[in-house]
Amino acid sequence: GFKKYFGTTIYDFITRKRMVEARRLIVEEKRGNMYEIGNLVGFKHQASFTNAFKRYYGMPPSEVKL
């Protein structure tokens, strides 16, 4: 029922929420520590966060304009 209601899988829904929050932290709160941001959005390892961010936005989080 989740996919029918939201038009996406639970995994994709959660990933989108995490990536949007990570981008918000980088841009709006001017946080530059990718390890800290990764932890705040639920990643245990910075490399996992960086890879997920790059897959979602097509660029690493360090290249997001502040």
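Structure shown above.
Keep in mind it's a predicted model, so treat the numbers as computed, not measured.

**Student:** If you had to explain the overall build of the chain to someone new, which residues and values would you point to?
**Tutor:** Scanning the chain from terminus to terminus reveals four helices and zero strands. When its helices and strands are written in sequence order, the chain yields α-α-α-α. Taking the principal axes of its C-alpha atoms as reference, the chain extends roughly 40 × 20 × 20 Å. For the chain, the residues scored as buried account for 29% of the 66 residues in total. Here the contacts in the chain between residues at least 6 apart in sequence split such that 41% fall between residues at least 24 apart. Total accessible area on the chain stands at roughly 4800 Å², and carbon and sulfur atoms take up 53% of it. Averaging the coordinates of the 13 positive side-chain charges in the chain and doing the same for the 6 negative ones gives two points 7 Å apart.

**Student:** Let's hear about the packing of aromatic side chains: which residues, and what values?
**Tutor:** Any pair of aromatic rings gets described here by the distance separating the centres and the angle formed by the planes. Under the definition given, this model contains eight aromatic pairs. Judged by centre distance (5.1 Å) and plane angle (45 degrees), the rings of Phe6 and Phe13 are tilted. The partly exposed category is assigned to Phe6, whose relative accessible area is 42%. Aromatic ring contacts, followed pair by pair, group Phe43, Phe49, Phe53, Tyr56 and Tyr57 into a single cluster. Arg18 extends its terminal NZ or CZ atom over the ring of Phe43, reaching a point 3.9 Å from the ring centre.

**Student:** Tell me about the environment of Arg55, residues and numbers included.
**Tutor:** With respect to the helices and strands, the residue Arg55 is situated in helix 4 (residues 46-57). For Arg55, a relative accessible area of 63% gives the class exposed. The sequence separation of Arg55 and Ile14 amounts to 41 residues, and the corresponding C-alpha distance is 14 Å.

Conventions we followed
Residues numbered from 1 in each chain as written. Predicted model: local features only at pLDDT ≥ 70, side-chain atom pairs only at ≥ 80, totals over all residues. Heavy atoms only, no water. Helix = DSSP H or I, 4+ residues; strand = E, 2+ residues; numbered from the N terminus. Buried < 20%, exposed > 50% of the residue type's maximum accessible area, 1.4 Å probe, protein only. Contact = heavy atoms within 4.5 Å. Areas by Shrake-Rupley, 256 points an atom, 1.4 Å probe, with all protein chains shown as cover. Lys, Arg positive; Asp, Glu negative; His and termini not counted. Charge placed at Lys NZ, Arg CZ, Asp CG, Glu CD. Phe/Tyr/Trp six-rings, centres within 6.5 Å; stacked < 30°, edge-to-face > 60°. Lys NZ or Arg CZ within 6 Å of the ring centre and 35° of its normal.

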